[in-house]
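As a plain string of letters, each chain reads:
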Amino acid sequence: MKKRLLSFASVLLVIASCTSNKEKQISEEIQKEIAKPNIIVILTDDQGWADVGFNGATDIPTPNIDKMAAEGVVFSNGYVSHPYCSPSRAGLLTGRYQARFGHDCNMPYNVESDETVGTPLSEKMISEALKDLGYRTSAIGKWHLGDHEELWPPAQGFDHWFGFPGGGMNYWGKSKNKIQTIYRDRKVVPEDELTYLTDDFTDEAIDFITKKDDKPFFIYLAYNAPHAPDHATKQYLENTKHIEYAGRSIYGAMVNGVDHSVGRIDSTLVANGIKDNTVIVYLSDNGGRVEHADNRPYRGHKGMLFEGGIKVPFSITWPNGIKPNQVYNEAVISLDLFPTFLNMAGGNASNEKQLEGKDLLPYINKENTGKPHEIMFWRSVGGFEYAVRKGKYKLYKSSYKDKTLLFDLEEDSYERYDISDKYPEIMIELQAAYKDWDAKNIAPQWVDPHAENVLKEESKWEAARNRSSK
């Protein structure tokens, strides 16, 4: 009888233990769900390195962007994966080099594209991965990842979309064609409902943030500012009236409009009690445009693989998970955002074998004292131009200069002195590394006029210099 009682008691203990373990597991799952941060990517278009205060801007007022950056980490060596618009966005949203799927170019100009021109549906985007983890997802602003409606955001894991499909649009919302029209979830937005696109995109983001929903959110907020055409409201122009060069003054007003929007978004997060558990990333899609942007102290501009074309203003803020007032100096790249977000959201980036970025959080928080990347690559138009950065050395096969250049970025971060003749062994090593990397890529699946434009630009540059001397 005593043995029976002991046996019965043992069963009760096992049941109690199982129940306790199950409750603990459920509790952990609930806690994990609660801890999932909201995530916002704020992407600007053609903004120069020195066009934010946290990188040294003194003429363009960016107090809200600077405040946000100070609340987290500024990446002093933050790169994107391509020197111009569409391919860079493809890399950011897929978390891998866009050359892997032949997205080397912008959409063809003046040609109606079909569903084969753009980031293919077979590529998994951040939006799809986060949606699988219970996020509601929104794409707002410029898309430029496929003109055809089969490739628009609703087909790429976004529950909500407000913006335009093409690569550029006037800021007053005036429709020009199918891809330069504002849509909300595939429906055309009446033009009389639009004011100034930077403000309209911000209004839409705030509406999405404040929507009554228990799910965490992911917002890809891709402003077309400060890309041309140069349009600004009187309010933002007033804030840059001290800039006497008119072109720079208008450009600065467009950047100031984004800054004003960042302040509004920040206030919304605070008012709703969700700022501490919201991740905000700020970056540009590529280096600053040729006119009016400031990429100093770096060489080059949008379209080039000099530092000025691929190094961008880049910061990340998350009060619950990242300490403020940090500057991280090791090289990082926009491909890192996908795995970083995935792990923050409770996923496992190591299960996504296609990803080529690194989870940055262990590096930011000094749990990993190594470098996120030993080597990084860039390819434009199927190798018309390419670059490799390994450690302090950077190789650049430049069609602008019709030469393959080598720089020591520790000694010469401004890329003024080509040392290719001094270090032939390093040239051979980096060219071989590029060849091995490129063997895993495919040819560009369509082309744009970039190659032609590069040669025209360099010819005009040379001619202007020649005219200036006797």
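In this text the structure is predicted, and so the values were computed from the model without any measurement.

Asker: Just to check I follow, could you spell out the pattern of salt bridges for this structure?
Answerer: Between side chains of opposite charge, a pair can form when the charged atoms approach closely. By the definition in use, this model includes 30 salt bridges. Residue Lys67 pairs with Asp266 through a salt bridge whose shortest N-O separation is 3.4 Å. Of the two residues, Lys67 is situated in helix α2 (residues 63-70) and Asp266 in helix α7 (residues 246-271); the sequence distance between them amounts to 199 residues. On the accessibility criterion, Asp266 (18% relative accessible area) is buried. The shortest N-O distance in the salt bridge between Lys403 and Asp418 comes to 2.7 Å. Taken together, the residues span a long stretch of sequence, with Lys403 in strand β16 (residues 403-408) and Asp418 in the loop between β16 and α11 (424-438) at a distance of 15 residues. On the basis of relative accessible area, Lys403 is assigned to the partly exposed category, the value being 37%.

Asker: Teacher, can you tell me more about helix α12 (residues 450-467) here?
Answerer: Given 3.6 residues per turn, any residue in an α-helix points the same way as the ones three and four places further on. Across its 18 residues, α12 extends 26 Å between first and last C-alpha, which sits within 8% of the 26 Å expected from 1.5 Å per residue. Of the surrounding secondary structure, the elements contacted by the buried residues of α12 are β13 (375-380) and β14 (385-390).

Asker: Please clarify how the sheet that holds β13 should be interpreted in this entry.
Answerer: The strands making up a sheet associate through backbone hydrogen bonding, with each pair oriented either parallel or antiparallel. Strands sit in the order β13-β14-β15-β16 across an open sheet of four strands; the sheet is antiparallel. The two strands at the open ends of the sheet, each matched to only one other strand, are β13 and β16. With direction set aside, neighbouring strand axes in the sheet form an average angle of 10°. Pairing of strand β15 (residues 393-398) with β16 involves six bridges; the strand directions are antiparallel. Residue pairing for β16: Tyr396 is matched across the bridge by Leu405. Contacts from α11 reach β13, β14, β15 and β16, with the element oriented near 70° to β13.

Asker: I keep staring at the side chain of Asp45 and nothing clicks. Help me out?
Answerer: Examined against the element boundaries, Asp45 turns out to sit in the loop between β1 (38-44) and α2. Polar contacts involving the side chain of Asp45 include one to the side chain of Arg89, which spans 3.5 Å.

Asker: What exactly am I supposed to notice about the packing of aromatic side chains here?
Answerer: In this description, a pair of aromatic rings is defined by centroid distance and the angle of the planes. Per the stated rule, a full pass over the model turns up 25 aromatic pairs. With a centroid separation of 5.3 Å and an interplanar angle of 55°, the aromatic rings of Tyr79 and Trp378 are classed as tilted. Residue Tyr79 is found in strand β3 (residues 78-79), and its partner Trp378 is found in strand β13; the two are separated by 299 residues along the sequence. Pair check on accessibility: Tyr79 and Trp378 agree, each one buried. Residues Tyr97 and Phe377 carry aromatic rings whose centres are separated by 6.5 Å and whose planes lie at 75° to one another, so their mutual orientation is edge-to-face. One end of the pair, Tyr97, is in the loop between α3 (85-94) and α4 (126-132); the other, Phe377, is in strand β13, with 280 residues separating them in the sequence. A relative accessible area of 7% means that Phe377 is categorised as buried. Linked through ring pairs, Tyr97, Phe377, Tyr386, Tyr434 and Trp437 together constitute an aromatic cluster. For Arg136, the ring lying beneath its charged end belongs to Phe208, and the centroid distance is 4.5 Å. Directly above the aromatic system of Trp461 lies the positively charged group of Lys401, at a separation of 3.7 Å from the ring centroid.

Asker: Help me understand a negative patch on the surface, please; the structure alone is not making it clear to me.
Answerer: A surface patch of like charges, here negative, comprises Glu112, Asp114, Glu115 and Glu150. Assignment of secondary structure puts Glu112 in the loop between α3 and α4. Exposure remark for Glu112: the relative accessible area of 78% places this residue in the exposed category.

About the cut-offs
- Residues numbered from 1 in each chain as written.
- Predicted model: local features only at pLDDT ≥ 70, side-chain atom pairs only at ≥ 80, totals over all residues.
- Heavy atoms only, no water.
- Salt bridge = Lys/Arg side-chain N within 4 Å of Asp/Glu carboxyl O.
- Helix = DSSP H or I, 4+ residues; strand = E, 2+ residues; numbered from the N terminus.
- Buried < 20%, exposed > 50% of the residue type's maximum accessible area, 1.4 Å probe, protein only.
- Expected span 1.5 Å × (residues − 1).
- Contact = heavy atoms within 4.5 Å.
- Pairing = 2+ DSSP bridges.
- Axes fitted to C-alpha atoms, helices over the stretch in contact; angles between N-to-C directions.
- Polar contact = N/O pair within 3.5 Å; in protein donor to acceptor, adjacent residues only side chain to side chain.
- Phe/Tyr/Trp six-rings, centres within 6.5 Å; stacked < 30°, edge-to-face > 60°.
- Lys NZ or Arg CZ within 6 Å of the ring centre and 35° of its normal.
- Patch = residues over 30% accessible without salt bridge, like charges linked within 9 Å, V, L, I, M, F, W, Y side chains within 5 Å.
- Areas by Shrake-Rupley, 256 points an atom, 1.4 Å probe, with all protein chains shown as cover.
- Lys, Arg positive; Asp, Glu negative; His and termini not counted.
- Charge placed at Lys NZ, Arg CZ, Asp CG, Glu CD.

Worth remembering: the numbers are spatial, not functional.
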